Amino acid sequence: MSSTTPRFAALGGVAAAAAAIGTAELVAALTGPRSSPLVAVGGLVVDIAPEPVKRFGIEVFGTYDKIALLVGTALLLGGFAALLGLLAARRLMASLVGIAVFGGVGAAAALTRASADVADVLPSLVGAAAGGLVLWAFVAGPLELDPWPWAPPTVAEPPVSADGTPAPVGRGQRVDPDARRRFLTGVGTVIGVATVGGVAGRWLAGRQGVSAAREAITLPAPVSAAPPVPAGADLDLPGLASYVTSNRGFYRIDTALVLPQVDPETWRLRIHGRVRHPVTLSYADLLARPLVERYVTLACVSNEVGGDLIGNARWLGVPLRELLDEVEPLDGADQVVGRSVDGWTCGTPTAVLRDGRDALLAVGMNGEPLPVRHGFPARMVVPGLYGYVSACKWITELELTSFADFDAYWVPRGWSAQGPVKTQSRIDTPRPRNRPAAGPVTVAGVAWAQHRGIDRVEVRVDDGPWQEARLAPTISVDTWVQWSWQWQATPGRHTLQVRATDSTGETQTGQSRGVAPDGATGWHTVTITVT
Ligand SMILES: Nc1nc2c(c(=O)[nH]1)N[C@H]1C(S)=C(S)[C@@H](COP(=O)(O)O)O[C@H]1N2
Ligand SMILES: [Mo]
């Protein structure tokens, strides 16, 4: 059927895949970024990947785990495409069916996404059609159109074997240079056009975002302002995390491959389930209520000992306790499920939200409307609980239910249904690469035990006695605290360790445990070479 050499067939396959993806991204500019097959399949993979794989992704790539996933997917697709090209050179129909299967997988994945609609299958289907067309043009060549500019290369002289029959074309045979040039130009053109189209599609999709709507918002002043940051709370040392984390510097963890763009005009929060008076609130309703502003330190359960998946911000919002009091949870409704527009859920104990702590339905972060990546227009922030059980971003529902009746997103994936933050401490300076000079060295870091508060931080050198560090002032039991300790450092390699004790008198355990199922334990340990 084809005279294409294997390398060229593979290239044709890659060009077909590029055409498919570029076209799909362009169509997704109309149907929404989450209908892009890359994003939809990636999202499905994130949801169904076994827990250890996901943890590996977060550990190795951290906040870049999503980029890594997309790049990995693209590489994998490229490999498959090359194989499909090879197949096409022999069995065109089979390879076209292969492309159709890919398109079908993309379309099906798009349909599994939360709040998907039928149009979401279009990017995958139109993309697959474009890919099939390109593959056909390259590998089989439309015979009626001769000479077709993208005709597959032909051998200059048909080789003839000893018995006079034409020998099959294969590896190592020479291709007519003109046909070869045409083919490669065709491949280059298709890949170029597909890339431009794909990037344009992404860009167009991004422009439909809610940044403009967000920037137009002026948040009302709180009726209860956050206490000011006490003087000296920020030791302001190089390498030490600042006391208040900027919005740009704040860690981001979520399962969303593309950021949900939620229009505050049409956004609604439905509070329902096992309640006496279900209610639906608009963004304007929220802003019209008395708002409070509080500093709360938010931490991720996937934060390793010494890790940086933690930040402290000033949140503005409606006390969740007040909302719950109004809807009146029924007996037995011991869990409040926060549900995001993208279907993600977290389950928070109703009692925690009503015990008087500053659990907020937040609309503001450090004096601005919530950044889109941190949950615009509204999210939950609950002091003392890890984010995965409490900090639902892009929230659209609060459903009162029970822990017995519903498992939130991470629970069937092996994480604990209850996620109180563990008492932890971290050494920020010196770091191993600093190689300080012998003499006085300031050792400093942060410690946290949200909603219990830190009572004491101790440091030790080379397994020596624990020595008490100085605690900087902090705002409340819901925020982290900076600590420092003067070390008379002597030349050589030394091990520094830190441990914290919370206000209940409990000192963090030195037993090292990983992040699953309910948060890492152990003492942060750094090895420093003193010169
Ligand atoms: N919609 C949604 N909200 C979410 C998540 C998510 O995956 N989807 N992840 C949670 C987790 S695990 C954490 S630690 C916090 C992180 O909040 P941040 O990204 O604003 O730092 O958000 C929580 N809220
Ligand atoms: Mo998290």
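Note that the structure is a prediction, hence the values are computed from the model and not measured.

Caption draft 1: Representation of the overall build of the protein chain in the model. Scanning the protein chain from N- to C-terminus turns up 11 helices and 18 strands. Taken over the C-alpha atoms alone, the protein chain extends approximately 95 × 65 × 40 Å along its principal axes. Residue burial in the protein chain is summarised as follows: out of 531 residues, 51% are buried. Nonlocal contacts in the protein chain, meaning residues at least 24 apart in sequence, comprise 75% of its contacts between residues at least 6 apart. Per element, the accessible surface of the protein chain, about 23600 Å² overall, is 59% carbon and sulfur. Between the averaged position of the 45 positive side-chain charges in the protein chain and that of its 47 negative side-chain charges there is a distance of 5 Å.

Caption draft 2: Representation of the pattern of salt bridges within the structure. Per the stated rule, a full pass over the model turns up 21 salt bridges. We note a salt bridge from Arg294 to Asp358, for which the minimum N-O separation is 3.1 Å. Taken together, the positions of Arg294 in strand β3 (residues 292–299) and Asp358 in the loop between α11 (350–354) and β7 (360–365) put the pair 64 residues apart, joining distant regions of the chain. Exposure remark for Arg294: the relative accessible area of 17% places this residue in the buried category. The exposure class assigned to Asp358 is partly exposed, which follows from its relative accessible area of 22%. With its nearest N and O atoms 2.8 Å apart, the salt bridge here joins Asp355 to Arg357. The buried category is assigned to Arg357, whose relative accessible area is 12%. Linked through salt bridges whose partners overlap, the residues forming this network are Arg252, Asp254 and Lys393.

Caption draft 3: Representation of the site of ligand 1 in the model. Around ligand 1 sit 19 residues, and of these Tyr251, Thr255, His374, Arg379 and Lys393 come closest. Tyr251 places a main-chain nitrogen or oxygen 2.7 Å from an oxygen atom of ligand 1. At 3.3 Å from an oxygen atom of ligand 1 is found a side-chain nitrogen or oxygen belonging to Trp344. Across the complex, the protein chains shield 98% of the 530 Å² of accessible surface that ligand 1 would expose by itself. Of the residues contributing to the shell around ligand 1, the split by class is 10 nonpolar, 4 polar and 5 charged.

Caption draft 4: Molecular detail of the sheet that holds strand β16 (residues 481–489). Overall, antiparallel pairing links the 4 strands, which are arranged β11-β12-β16-β15 in an open sheet. Edge positions in the sheet fall to β11 (424–429) and β15 (470–471), since each of these pairs with one other strand and no more. Inspection of the sheet shows β15 paired to β16 by 2 bridges, in the antiparallel sense. Opposite Leu471, over in β16, you have Trp483 as the bridge partner.

Caption draft 5: Here's a closer look at the sheet that holds strand β13 (residues 454–461). Read from one edge to the other, the open sheet built from 4 strands follows the order β14-β13-β17-β18, with strand pairing classed as antiparallel. A strand with exactly one partner marks an edge of an open sheet, and here the two such strands are β14 (467–468) and β18 (525–530).

Caption draft 6: Fine view of the pairing of strand β10 (residues 395–401). Of all the 7 residues making up β10, 5 are buried; the element is thus mostly covered by neighbouring parts of the structure. Looking at chain direction, strand β1 (residues 268–273) and β10 are connected through 4 bridges and run parallel. The residue of β10 that forms the bridge with Gly273 is Leu400. When strand β5 (residues 335–340) meets β10, the two strands line up antiparallel, connected through 6 bridges. Along β10, the bridge assignment pairs Val337 with Glu399.

Caption draft 7: Inspection of the side chain of Ser340 at higher detail. Looking at the secondary structure, you find Ser340 in strand β5. Separated by 2.6 Å, the side chains of Ser340 and Asp342 make a polar contact.

Caption draft 8: Inspection of a nonpolar patch on the surface at higher detail. Residues Phe56, Val60, Phe61, Tyr64, Ile67, Val71 and Leu75 make up a contiguous nonpolar surface patch of about 760 Å² in total accessible area. Within the secondary structure, Phe61 sits in helix α3 (residues 51–61).

Caption draft 9: Structural detail: helix α7 (residues 177–207). In a regular helix each residue adds 1.5 Å, so 31 residues correspond to 45 Å; α7 covers 44 Å between its end C-alpha atoms and thus fits that length. Every buried residue belonging to α7 is among Ala179, Phe183, Gly186, Val187, Val190, Ala194, Gly197, Gly198, Gly201 and Ala205, and all of these are buried. Residues of α7 that are buried in the fold lie against α1 (6–31) and α6 (122–140).

Caption draft 10: The arrangement of the packing of helix α5 (residues 92–112) against α6 in detail. As a packed pair, α5 and α6 sit with axes 8 Å apart at the nearest point and diverge in direction by 160 degrees. In terms of their interaxial angle, α5 and α6 are classed as roughly antiparallel. Remark: the crossing between α5 and α6 carries right-handed chirality. Packed against α5, whose contacting residues are Leu92, Ser95, Leu96, Ile99, Gly103, Gly106 and Ala107, the element α6 presents Ser124, Leu125, Ala128, Gly131, Gly132, Leu135, Trp136 and Ala140 at the interface.

Caption draft 11: A look at the side chain of Thr350. As for its position among the elements, Thr350 is in helix α11. Classification of Thr350 as buried rests on a relative accessible area of 5%. Within the local environment of Thr350, its side chain forms a polar contact with the backbone oxygen of Ala333, the two atoms lying 2.7 Å apart. Leaving out residues up to four positions away in the same chain, Thr350 has contacts with Pro329, Ala333, Asp334, Gln335, Val336 and Leu400.

Caption draft 12: How the structure looks around the domain arrangement of the protein chain. Taken domain by domain, the protein chain comprises domain 1 (6–155 + 175–207) and domain 2 (424–530). Summarising the inter-unit geometry, the C-alpha centres of domain 1 and domain 2 are found 49 Å apart.

Caption draft 13: Broad picture of α5. In this model, α5 (21 residues) spans 30 Å end to end at C-alpha, consistent with the 30 Å of a helix rising 1.5 Å per residue. For α5, every residue scored as buried is listed here: Leu92, Ser95, Gly98, Ile99, Gly103, Gly106, Ala107, Ala109 and Ala110.

Cut-offs and rules
- Residues numbered from 1 in each chain as written.
- Chains lettered and ligands numbered in written order.
- Predicted model: local features only at pLDDT ≥ 70, side-chain atom pairs only at ≥ 80, totals over all residues.
- Heavy atoms only, no water.
- Helix = DSSP H or I, 4+ residues; strand = E, 2+ residues; numbered from the N terminus.
- Buried < 20%, exposed > 50% of the residue type's maximum accessible area, 1.4 Å probe, protein only.
- Contact = heavy atoms within 4.5 Å.
- Areas by Shrake-Rupley, 256 points an atom, 1.4 Å probe, with all protein chains shown as cover.
- Lys, Arg positive; Asp, Glu negative; His and termini not counted.
- Charge placed at Lys NZ, Arg CZ, Asp CG, Glu CD.
- Salt bridge = Lys/Arg side-chain N within 4 Å of Asp/Glu carboxyl O.
- Near = heavy atom within 4 Å.
- Polar contact = N/O pair within 3.5 Å; in protein donor to acceptor, adjacent residues only side chain to side chain.
- Nonpolar A, V, L, I, M, F, W, Y, C, P; charged D, E, K, R; others polar.
- Pairing = 2+ DSSP bridges.
- Patch = residues over 30% accessible without salt bridge, like charges linked within 9 Å, V, L, I, M, F, W, Y side chains within 5 Å.
- Expected span 1.5 Å × (residues − 1).
- Axes fitted to C-alpha atoms, helices over the stretch in contact; angles between N-to-C directions.
- Parallel < 35°, antiparallel > 145°, perpendicular 65-115°, else oblique.
- Left-handed = near helix turned anticlockwise from the far one by under 90°.
- Domains from an automatic or database assignment.

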